[in-house]
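# Chains, contacts and geometry: an overview
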Amino acid sequence: MVDIKLVAKMKIKEIIAILEQMAPTAYAEDFDNVGLLVGSTDSEITGILVCHDALETVVEEAISKNCNMVVCFHPILFSPLKKITGKNYVERTIIKAIKNDIAIYAVHTALDNHREGVNKIFCDAIGLTNSKILIPKTNFIQKLVTYTIPENAEEVRNALFDAGAGNIGNYENCSFNSQGIGTYMGNENSNPEIGERFEFVQNTEVKIEVTFEKYLQPRILKALFNAHTYEEVAYEIYDLTNTHQNIGLGMIGELEREMQPLEFLEMVRDKMKCGGIRHSALVNKKIRKVAVLGGSGSFAISDAIRAGADAFLTADLKYHNFYEADNQLLLADIGHFESERYTKNYIVDFLTKKIPNFAIILSDENTNPVKYL
């Protein structure tokens, strides 16, 4: 039994708030199952065990190390369960977790899509620089337009910025402001800040426009209403078709120097500790620009080609996927676990920085189900 002495007491909901900073569940793909999978948000935490896959052996490890919360990358609960009888590894894991009051939280594609997440970790591991999102997320940005008097404009803008609005790429506190004339007349139930009931008022107003990530809308509106001076706040919200350049799947970056294809594959094998690499025919050009997508990434082959990648590293490629390389790039399957292997280390580092006096332990279990001869 590992002796863990906590300096602070925390509940699961407090840990979730921190995990949401690292990987907002709103970033996850629609098909995914992220967040708290097992447990109560009001439970007090004794320690956190971080792993890649929350298997039965990992739950046993958590018990032995006095950790009653497991933070995993892959969700153990992915497909719906109609019965929990212990007939397979998923059901056995859930039964053991519930019997021993072990909470399970999964991040998966919420961290896949984050600018600093899985694929940035992948890029850093093989030494890619100038990395950017390969497939930026769509239908994720909204625009708020509101109107207020000049004296209130700065307060409203700052409140919106503090709530998360106004971030565009590498810039923050972005807004557009224009001035015009606003008019209104209050009825018998009104209590106007400026003017009287039944008085037609013409005022100089500032039109404020900001963009924000769609999931932040409740927070943005709350900030607007709290900071605005008017009794009735006029505002409009629009869905934008702009892609989000800092959220999305995969990344593309550059090696510090060009490499021959075989030399490149050998470097990747060593850096990512691969048991083996399946790859397409070696291209007749040096490798400099590299696309990566941790986990199953066959759907992104054409995106990598369009982005001008010399090589694309991913996992779970089928036989016919390799034809899609079409001598335009080097396509390599380095293994699913291998392509995500450093993710749990990142989660541990993030949590340790956020709550340094808390028991956060990296799992010793190797949960890779694929073995090599």
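For the structure, check the block above.
Report on the accompanying structure.

Basis of the calculations
Residues numbered from 1 in each chain as written. Predicted model: local features only at pLDDT ≥ 70, side-chain atom pairs only at ≥ 80, totals over all residues. Heavy atoms only, no water. Pairing = 2+ DSSP bridges. Helix = DSSP H or I, 4+ residues; strand = E, 2+ residues; numbered from the N terminus. Axes fitted to C-alpha atoms, helices over the stretch in contact; angles between N-to-C directions. Contact = heavy atoms within 4.5 Å. Phe/Tyr/Trp six-rings, centres within 6.5 Å; stacked < 30°, edge-to-face > 60°. Buried < 20%, exposed > 50% of the residue type's maximum accessible area, 1.4 Å probe, protein only. Patch = residues over 30% accessible without salt bridge, like charges linked within 9 Å, V, L, I, M, F, W, Y side chains within 5 Å. Areas by Shrake-Rupley, 256 points an atom, 1.4 Å probe, with all protein chains shown as cover. Salt bridge = Lys/Arg side-chain N within 4 Å of Asp/Glu carboxyl O. Parallel < 35°, antiparallel > 145°, perpendicular 65-115°, else oblique. Left-handed = near helix turned anticlockwise from the far one by under 90°. Arc of directions from axis to C-beta. Polar contact = N/O pair within 3.5 Å; in protein donor to acceptor, adjacent residues only side chain to side chain.

Moving on to the sheet that holds strand β9 (residues 176-184). The strand order across the open sheet built from 4 strands is β9-β10-β8-β11, with neighbouring strands paired in antiparallel fashion. The outermost strands of the open sheet, each flanked by one partner alone, are β9 and β11 (235-240). For this sheet, the mean inter-axis angle between neighbouring strands, taken without regard to orientation, is 25 degrees. With 8 bridges connecting them, strand β8 (residues 141-148) and strand β10 (residues 201-213) associate as antiparallel partners. Bridged to tyrosine 147 within β10 is lysine 207. Packed onto the sheet, helix α6 (residues 150-162) meets β8, β9 and β10 and runs at close to 15 degrees relative to β10. The sheet strands contacting helix α7 (residues 217-227) are β8, β10 and β11, and the helix crosses β11 at an angle near 155 degrees.

Before going further, it helps to examine the sheet that holds strand β2 (residues 35-38). What the 5 strands build is an open sheet, ordered β2-β6-β5-β4-β17; its pairing is mixed. Looking at the sheet topology across the chains shown, the edges are occupied by β2 and β17 (360-362). Pairwise comparison of adjacent strand axes, ignoring direction, gives a mean angle of 30 degrees for this sheet.

Below, the discussion takes up the packing of aromatic side chains. Taken as a whole and judged by the stated rule, the model has 7 aromatic pairs. Here a set of aromatic residues connected by ring pairs shows up, and it is made of Tyr27, Phe140 and Tyr215.

The element β10 is largely enclosed, with a buried count of 10 among its 13 residues. Bridge count for β9 against β10 is 9 bridges, and the pairing is antiparallel. Directly across from isoleucine 181, in β10, lies its bridge partner threonine 204.

A cluster of nonpolar side chains, contributed by Met185, Phe198 and Phe200, occupies part of the molecular surface with about 370 Å² of accessible area. Mapping phenylalanine 198 onto the fold places it in the loop between β9 and β10.

Look at aspartate 316: it is not a glycine, yet its phi comes out positive at around 60 degrees. Relative to the helices and strands, aspartate 316 is located in the loop between β15 (311-315) and β16 (330-333). Here aspartate 326, not a glycine, exhibits a phi torsion of approximately 50 degrees, which is positive. Given a relative accessible area of 52%, aspartate 326 falls into the exposed group.

A word on the packing of α6 against α7. Their axes nearest at 9 Å, the elements α6 and α7 cross at an angle of 155 degrees. It follows from the interaxial angle that α6 and α7 lie roughly antiparallel. Here α6 and α7 pass one another in a crossing that is right-handed. Between α6 and α7, the residues in contact are Asn152, Glu155, Val156, Ala159 and Leu160 and Ile220, Ala223, Leu224 and Ala227, respectively.

Time to look at the pattern of salt bridges. Considering all chains together, one arrives at 15 salt bridges under this definition. Between glutamate 60 and lysine 96 there is a salt bridge, with the nearest N and O atoms lying 2.8 Å from each other. Taken as a pair, glutamate 60 in helix α2 (residues 56-64) and lysine 96 in helix α3 (residues 89-99) lie far apart in primary sequence, 36 residues in all. Taking relative accessible area as the criterion, lysine 96 reaches 21% and is therefore assigned partly exposed. The salt bridge partner of lysine 65 is glutamate 61, with a shortest N-O separation of 2.7 Å. Of the residues examined, lysine 65 reaches a relative accessible area of 12% and is grouped as buried. A single network of salt bridges, built from pairs that share partners, joins Glu56, Glu60, Arg92 and Lys96.

Think of an α-helix as turning once every 3.6 residues; residues three or four places apart then point the same way. Within the span of α3, buried status applies to Val90, Glu91, Thr93, Ile94 and Ala97. Projected down its long axis, α3 carries its buried residues within an arc of 160 degrees, all on one side. Facing away from the buried surface of α3 by more than 90 degrees, the exposed residues are Tyr89 and Lys99. Contacts from the buried residues of α3 go to β2, α2 and β6 (103-106). Put simply, asparagine 88 is the residue that caps the front of α3, since its side-chain oxygen is 3.1 Å from the backbone nitrogen of valine 90. Of the residues trailing α3, aspartate 101 is marked for its positive phi of about 55 degrees.

Okay, the environment of isoleucine 104 next. Tracing the backbone shows isoleucine 104 in strand β6. For the pair isoleucine 104 and tyrosine 230, spaced 126 residues apart in sequence, the C-alpha separation works out to 45 Å. Apart from residues no more than four positions distant in its own chain, isoleucine 104 is found in contact with Gly35, Leu36, Leu37, Val38, Ala54, Val70, Cys72, Ile76, Thr93 and Ala97.

The next point concerns the packing of α2 against α3. Across the interface, α2 lies against α3 with an axial gap of 8 Å and an inter-helix angle of 20 degrees. For the element pair α2 / α3, the angle class is roughly parallel. Considering the relative orientation of α2 and α3, their crossing is left-handed. Only Arg92, Thr93, Lys96 and Ala97 of α3 make contact with α2, whose side of the interface consists of Glu56, Val59, Glu60 and Ile63.

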